[in-house]
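The residues making up each chain are set out below.
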Amino acid sequence: MVFRGTITAAPDFDPSADAETLYNAMKGIGSDKEAILDLITSRNNAQRQEVITAYKNSFGKDLIEDLKYELTGKFERLIVSLMRAPAYHDAKEIHDGVGTNEKCLIEVLASRNNKQMHEMVTAYKDAYGSDLEEDVIVDTSGHFKKMLIVLLQGSRDESGVVDASLVEQDALDLFAAGEEQWGTDEAKFIMILGNRSVTHLRMVFDEYQKITELSIEDSIKNELSGDFERLMLAVVQCVRSVPMFFARCLYKSMKGLGTADNTLIRIMISRSEIDMLDIRECFRLRYEKSLYNMIKDDTSGDYKRTLLNLCGGDDDLAGEFFPEAAQIAYKMWELSAMTKLLLLPQLRPTVRPAANFDPAADAQALRKAMKGFGTDEDAIIDIVAQRSNAQRQEIRQTFKSLLGRDLMKDLKSELSKNLERLIIGLMLTPAEFDAKMMKKAMEGAGTDEHALIEILVTRSNDEIQAMNAAYQAAYKKTLEEAIQSDTSGLFCRILVSLVQGAREEGPADLERADADAQELAAACNAESDDMKVKFMSILCTRSFPHLRKVFQEFVRFSNKDIEQIIKKEMSGDVKNTFYAIALRTNPPIYEIDLFTIRKEFKETHDVSLHEFIQGDTSGDYRKTLLILCGGED
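It should be emphasised that the depicted structure is a prediction, and the values quoted were computed from it without experimental measurement. (Residues numbered from 1 in each chain as written. Predicted model: local features only at pLDDT ≥ 70, side-chain atom pairs only at ≥ 80, totals over all residues. Heavy atoms only, no water.)

Draft legend 1. A look at the overall build of the protein. Along its length, the protein carries 40 helices and zero strands. For the protein, the proportion of its 633 residues judged to be buried stands at 53%. Of all intrachain contacts in the protein linking residues separated by at least 6 positions in sequence, the fraction that spans at least 24 positions is 72%. In the structure as shown, the protein presents an accessible area of about 28000 Å², 48% of it carried by carbon and sulfur atoms. (Helix = DSSP H or I, 4+ residues; strand = E, 2+ residues; numbered from the N terminus. Buried < 20%, exposed > 50% of the residue type's maximum accessible area, 1.4 Å probe, protein only. Contact = heavy atoms within 4.5 Å. Areas by Shrake-Rupley, 256 points an atom, 1.4 Å probe, with all protein chains shown as cover.)

Rendered as structure tokens:
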């Protein structure tokens, strides 16, 4: 795997010279804390272990004990923790957490791979003279204990081989163990989530959502509770993305009043030589703030300086780690989520079909609200925002057949500004709305390439084909012709490929995924144009579950991840499109419902979406949005 840490081995390393520097920094009255932190954070852990040995050989003293004596508070805890070998650091965290800190147990055991787990168990026995599994059994209980014991075995399948038939069976078994029956078969959840490979589980989660129309996270929340629920959710989050899991943990450790310093220290140390760059990128992507700046605002003194050294850089200033493509992708997520919130069918909608629906009565009520002097906006909002899109289409048809008038034209003439745009958007079919957004993106001076990318990358084949038909009906030309006249070069070819709505569907073909990954890896050594064409031929045509497997195999062949290659080797709109497709392979980013949006919004911003809309909008526009929002969390 490519190195994604921030702390690397120091060149021209001399452990004896380092030991002497540290000894001098602690000699006499007081200590030179800056010298200590600068040296320790510029050596990797393996080099620190050599310094500990050299210190004892040169001065006959224990370096860790001297550091404990000379330093104080959080800074002392951080520096001393940096001096422990990773397995011993994990062992100490677990030892201190068993029976008292379930959050620590969950974080560590859910995120470590088999090798790390085995090393930690051995270190625990060596450091504390007791068996970790036995200590966990004594201090925990129930299904929470059982899952911890399974994870402690470090026996998760890491072969990378996936049996497609077993994927479907596991998804069905999870459904049968939870949503399908009264009560929950927790043992089935423990067996599958505790043992199957990460690649396998990602495919199981996709299959599970197809079967149940619920994410595995929602089912866990529905079926489990307490520490067991939190552990299983952490396992799922780590299967989805370990860096994103730690980005969330870091944010929670610093948001609000006070700082969970033990969590902050533990994560910054344990990930500084593994994936801190990826965690930083996930943090910036999710919270629109760099990890560096959040640490800077939330800590102080030498403690802060040490943490910032481990962080390794400020992504708000360094576009290398949060490029334009990632910012665009985040905005795509926001736009896609809001579009779906307002207009598209949802897995868990807040706007449901109205009971006792009478399209003729609604048509008459809307006409009455717009007739005469002035307009009854409240009546319009109450009808339009509380009917499903299918019901709104019935109202449109009934309005014309009953009254001989075009409802859309009447609404446009009676409403104004934001309220008019919102109500008209709601009255359009999803395909009409997408067609209108595509037209808007290409009309006038300049083109909104970001909007074109967002729509074409996030829509299904059926949605794209429906949008094509709506575009031609509304604007008397094909969407493909419009794209060809408004864009050029390879970006145009990519958009034309996507607008066909012919992406393959279905699960990954493992043999073909291996071949596709090899082709992409080989293309990285070709001329730039040839490389981009090969990327287009695969990224624009394969199913997203298949691409997910391709990208996993790509790492094996190239020792790099696909997003790194896209960011480094490509530029402009081509880069942005390929980057969005790469992100699109992760269902949790795009397959999102309003209940999830509301929950994540409140967790991220410490204010409910309902409160945010109230504070940021006004009048009838606000009232309509609040109805669509569906409630205050």
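Draft legend 2. Representation of the pattern of salt bridges within the structure. One pass over the full model with this rule turns up 30 salt bridges. A salt bridge links Glu 432 to Arg 396, with the shortest nitrogen-to-oxygen separation between them at 2.9 Å. With Glu 432 in helix H27 (residues 430-442) and Arg 396 in helix H24 (residues 389-403), this residue pair connects regions lying 36 residues apart in the sequence. A salt bridge links Glu 519 to Lys 534, with the nearest nitrogen and oxygen atoms 2.7 Å apart. In this pair, Glu 519 is assigned in helix H32 (residues 510-523) and Lys 534 in helix H33 (residues 528-539), connecting sequence segments 15 residues apart. Relative accessible area serves as the criterion here: at 35%, Glu 519 is assigned to the partly exposed category. (Salt bridge = Lys/Arg side-chain N within 4 Å of Asp/Glu carboxyl O.)

Draft legend 3. Structural detail: helix H15 (residues 226-240). Helix length check: H15, at 15 residues, gives a terminal C-alpha distance of 21 Å against a target of 21 Å (1.5 Å per residue), a fit within 8%. Where burial is concerned, most of H15 is hidden: 11 out of the 15 residues are buried. For H15, the set of buried residues is Phe 228, Glu 229, Leu 231, Met 232, Leu 233, Ala 234, Val 235, Val 236, Cys 238, Val 239 and Arg 240. (Expected span 1.5 Å × (residues − 1).)

Draft legend 4. Expanded view of a positive patch on the surface. Side chains of Lys 400, Lys 409, Lys 412, Arg 421, Lys 436 and Lys 440 sit close together on the surface and give a patch of like positive charge. Secondary-structure elements contributing two or more residues to the positive patch are helix H25 (407-414) and H27. Here Lys 409 is to be found in helix H25. (Patch = residues over 30% accessible without salt bridge, like charges linked within 9 Å, V, L, I, M, F, W, Y side chains within 5 Å. Lys, Arg positive; Asp, Glu negative; His and termini not counted. Charge placed at Lys NZ, Arg CZ, Asp CG, Glu CD.)

Draft legend 5. Quick peek at unusual backbone geometry. With a phi close to 50°, Asp 12 is a non-glycine residue in the positive phi region. Tracing the chain through its elements places Asp 12 in the segment before helix H1 (15-25). Of note, the phi angle at Asn 356 is positive, near 50°, even though the residue is not glycine. Within the element layout of this structure, Asn 356 appears in the loop between helix H21 (324-343) and helix H22 (359-370). The exposure class of Asn 356 is exposed, given its relative accessible area of 80%.

Draft legend 6. Molecular detail of the nonpolar core. Judged by nonpolar contacts, the single largest core of 100 residues is most densely connected at Leu 67 and Met 268. Beyond its immediate chain neighbours, meaning those up to four positions away, Met 268 contacts Leu 250, Met 276, Leu 291, Ile 295, Leu 307, Leu 310 and Cys 311. In this structure, Ala 441, Ala 517, Phe 551 and Phe 554 belong to the second largest nonpolar core, which totals 53 residues. (Core = buried A, V, L, I, M, F, W, Y, C linked by side-chain atoms within 4.5 Å.)

Draft legend 7. Quick peek at helix H12 (residues 186-195). Looking only at H12, the buried set comprises Glu 186, Phe 189, Ile 190, Ile 192, Leu 193 and Gly 194. For H12, the secondary structure elements touched by its buried residues are helix H10 (142-152), helix H11 (164-177), helix H13 (198-212), helix H14 (216-223) and H15.

Draft legend 8. Fine view of the packing of helix H3 (residues 45-59) against helix H4 (residues 63-70). Contact geometry for H3 and H4: axes closest at 9 Å, N-to-C directions at 90°. The pairing of H3 with H4 is recorded here as roughly perpendicular in orientation. Only Leu 63, Ile 64 and Asp 66 of H4 make contact with H3, whose side of the interface consists of Val 51, Ile 52 and Tyr 55. The residue inventory of the contact of H3 with H4, partitioned by class, reads five nonpolar, no polar and one charged. (Axes fitted to C-alpha atoms, helices over the stretch in contact; angles between N-to-C directions. Parallel < 35°, antiparallel > 145°, perpendicular 65-115°, else oblique. Nonpolar A, V, L, I, M, F, W, Y, C, P; charged D, E, K, R; others polar.)

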